[in-house]
Structure formats: C-alpha cells, structure tokens
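# Structure at a glance
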Amino acid sequence: MLKMSELAMNPNRGVTTKCHGMERVWDDREEAMVYFLEAKMCCDTEEEHDRYAGILIQIQNGLDYCTDEDDGEDVT
C-alpha cells in the first residue's frame with residue numbers, strides 16, 4: 001500500500017512552469033495553482049483559457065515541470 005494517497009498532493013513540493021516561453025520556479029505548488037486558476041478565469045480568448053487550463057491540470061497531476069508547449073508529436 002502507498003503511504004500517501006496518489007490523489008493527495010504534497011503542497012511542500014516546488015514546481016517549474018513554462019508559459020509563453022517564460023520559465024518560472026515556484027516554491028509552493030499551491031501558489032502556482034492559484035496563479036494559473038486565476039489566469040484561466042480572467043483570460044480573454046479560448047486559446048489562452050486552454051493554455052492555462054493545461055498547465056493547471058499538469059500541476060494538479062503532480063508533475064514537476066509543466067508547460068504550455070506541445071510535446072513535438074505530429075498528429076495526422
């Protein structure tokens with residue numbers, strides 16, 4: 001059994017985000033989540049909304065590096 005539920009997020013872990021080409025290191029994962037949630041709610045375009053929502057989901061899933069860039073896979 002796991003000592004920590006996989007749904008429980010350790011708020012003490014840092015996270016690095018890359019959005020619009022700018023990288024930012026966060027000491028507090030919760031602070032990063034609040035920032036991207038507010039950005040998602042206040043953006044003007046659907047593209048921006050999707051960009052911030054994608055990063056927010058990555059943070060919530062516990063990734064250490066979250067980005068708005070594509071992973072380079074070609075979808076045809």
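This text goes with the structure placed above it.
All figures in this text were calculated on a predicted structure; none of them were measured in a lab.

Scanning the protein chain from terminus to terminus reveals 2 helices and 3 strands. The N-to-C order of helical and strand elements in the protein chain reads β-β-α-α-β. Sorting the 76 residues of the protein chain into buried and exposed places 28% on the buried side. Considering only intrachain contacts with a sequence separation of at least 6, the fraction spanning at least 24 residues in the protein chain is 42%. Entry remark: accessible area of the protein chain is about 5900 Å², with carbon and sulfur atoms responsible for 50%.

Attention now goes to the packing of aromatic side chains. Counted under the stated rule, the structure contains 4 aromatic pairs. Between Trp26 and Tyr35, the aromatic rings sit 5.4 Å apart at their centres with planes inclined by 45°, giving tilted as the arrangement. Tyr35 sits in the partly exposed class, given a relative accessible area of 41%. Counting every residue linked through ring pairs, the aromatic cluster contains Trp26, Tyr35, Phe36 and Tyr52. The ring of Trp26 has Arg24 lying over it, and the distance from NZ or CZ to the ring centre is 3.7 Å.

Okay, the environment of Cys43 next. Checked against the element boundaries, Cys43 lands in the loop between helix H1 (29–42) and helix H2 (46–60). With a relative accessible area of 21%, Cys43 lands in the partly exposed category. Look past the residues within four positions of Cys43 in its chain and what remains in contact with it is Glu48, His49 and Tyr52.

Rules used in this analysis
- Residues numbered from 1 in each chain as written.
- Predicted model: local features only at pLDDT ≥ 70, side-chain atom pairs only at ≥ 80, totals over all residues.
- Heavy atoms only, no water.
- Helix = DSSP H or I, 4+ residues; strand = E, 2+ residues; numbered from the N terminus.
- Buried < 20%, exposed > 50% of the residue type's maximum accessible area, 1.4 Å probe, protein only.
- Contact = heavy atoms within 4.5 Å.
- Areas by Shrake-Rupley, 256 points an atom, 1.4 Å probe, with all protein chains shown as cover.
- Phe/Tyr/Trp six-rings, centres within 6.5 Å; stacked < 30°, edge-to-face > 60°.
- Lys NZ or Arg CZ within 6 Å of the ring centre and 35° of its normal.

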